[in-house]
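Topology and contacts: notes
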Amino acid sequence: MIDFKNGSVFKLHKVKNDAVGDNLTALLLPTESIIGVYKSVRDYVVFTDLRAICVNIQGVGKKQDLTSMPYKHITVFSVETSGLMDISSELTFWFSGIGEVRFEFTGESDIIRIGKIISGFAL
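Some remarks on empty space enclosed by the protein
Under the definition given, this model contains 1 cavity of 30 Å³ or more. What lines the largest cavity is simply Ile 35, Gly 36, Tyr 38, Phe 47, Arg 113, Ile 114, Ile 117 and Ile 118. Mapped by element, the contributors of at least two residues to the lining of the largest cavity are β2 (34–39) and α2 (111–122). Broken down by element, the lining of the largest cavity gets its largest block of residues, 4 residues, from α2. Each residue belonging to the lining of the largest cavity can be placed in one class, and the counts come to 6 nonpolar, 1 polar and 1 charged.

Shown next as structure tokens:
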């Protein structure tokens, strides 16, 4: 599993939903829908209507660690928007069982939209 204790795990930017790999697609339930895909250099996070799935690409090959975090286990979450001097934004979850998980997004990401979508599933 990804070590979420090491501060911001990802610096994410929006990519097309079809950027997900076959392993992740096979993990989705038949009725589950992808809301958005956000990628860093190699790793990425997929937000679905049920959970966030973190994909950590390991080594040189195709080895992947896929961590599924269901929204129903969110106890608290925080949205931090970008500003003039700090152009990144953050989404922080506190999950029962694993604790704090923080995602850092580039300035052009629509963090308010993401937060609103998560609210609809977590509340």
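The rest of the description comes next.
A few points about the environment of Asp 43
When you line up the elements, Asp 43 lands in the loop between β2 and β3 (44–48). At a separation of 2.8 Å, a polar atom in the side chain of Asp 43 contacts the main-chain amide nitrogen of Ile 57.

Topic: the packing of aromatic side chains
The tally for this structure, following the rule as stated, stands at 7 aromatic pairs. Between Phe 47 and Phe 103 the ring centres are 6.0 Å apart and the planes differ by 80 degrees, which places this aromatic pair in the edge-to-face class. Of this pair, Phe 47 sits in strand β3 while Phe 103 sits in strand β8 (residues 99–105), and the two are 56 residues apart along the sequence. Of the two residues, Phe 47 and Phe 103, neither departs from the other in class, the shared state being buried. With centroids separated by 6.0 Å and ring planes inclined at 75 degrees, the aromatic side chains of Phe 93 and Phe 103 adopt a geometry described as edge-to-face.

A short note on the nonpolar core
Grouped together as the largest cluster of nonpolar side chains are 18 residues, with contacts concentrated most on Phe 47, Phe 93, Phe 103 and Phe 105. Elements represented by at least two residues in this core include exactly β3, β4 (51–58), β7 (89–95), β8 and α2. Not counting residues up to four positions away in its chain, the partners in contact with Phe 47 are Ser 33, Ile 34, Ile 35, Gly 36, Tyr 38, Ala 52, Tyr 71, Leu 91, Phe 93, Phe 103, Phe 105 and Ile 118. Of all hydrophobic cores here, the second largest spans 10 residues; its members include Val 15, Leu 28, Val 37 and Ile 57.

The rules we used
- Residues numbered from 1 in each chain as written.
- Predicted model: local features only at pLDDT ≥ 70, side-chain atom pairs only at ≥ 80, totals over all residues.
- Heavy atoms only, no water.
- 1 Å grid on protein atoms, 1.4 Å probe; cavity = no way out; pocket = protein on both sides within 12 Å on 5 of 7 lines; lining within 4 Å.
- Points joined across faces, edges and corners; volume = space filled by probe spheres on them.
- Helix = DSSP H or I, 4+ residues; strand = E, 2+ residues; numbered from the N terminus.
- Nonpolar A, V, L, I, M, F, W, Y, C, P; charged D, E, K, R; others polar.
- Polar contact = N/O pair within 3.5 Å; in protein donor to acceptor, adjacent residues only side chain to side chain.
- Phe/Tyr/Trp six-rings, centres within 6.5 Å; stacked < 30°, edge-to-face > 60°.
- Buried < 20%, exposed > 50% of the residue type's maximum accessible area, 1.4 Å probe, protein only.
- Core = buried A, V, L, I, M, F, W, Y, C linked by side-chain atoms within 4.5 Å.
- Contact = heavy atoms within 4.5 Å.

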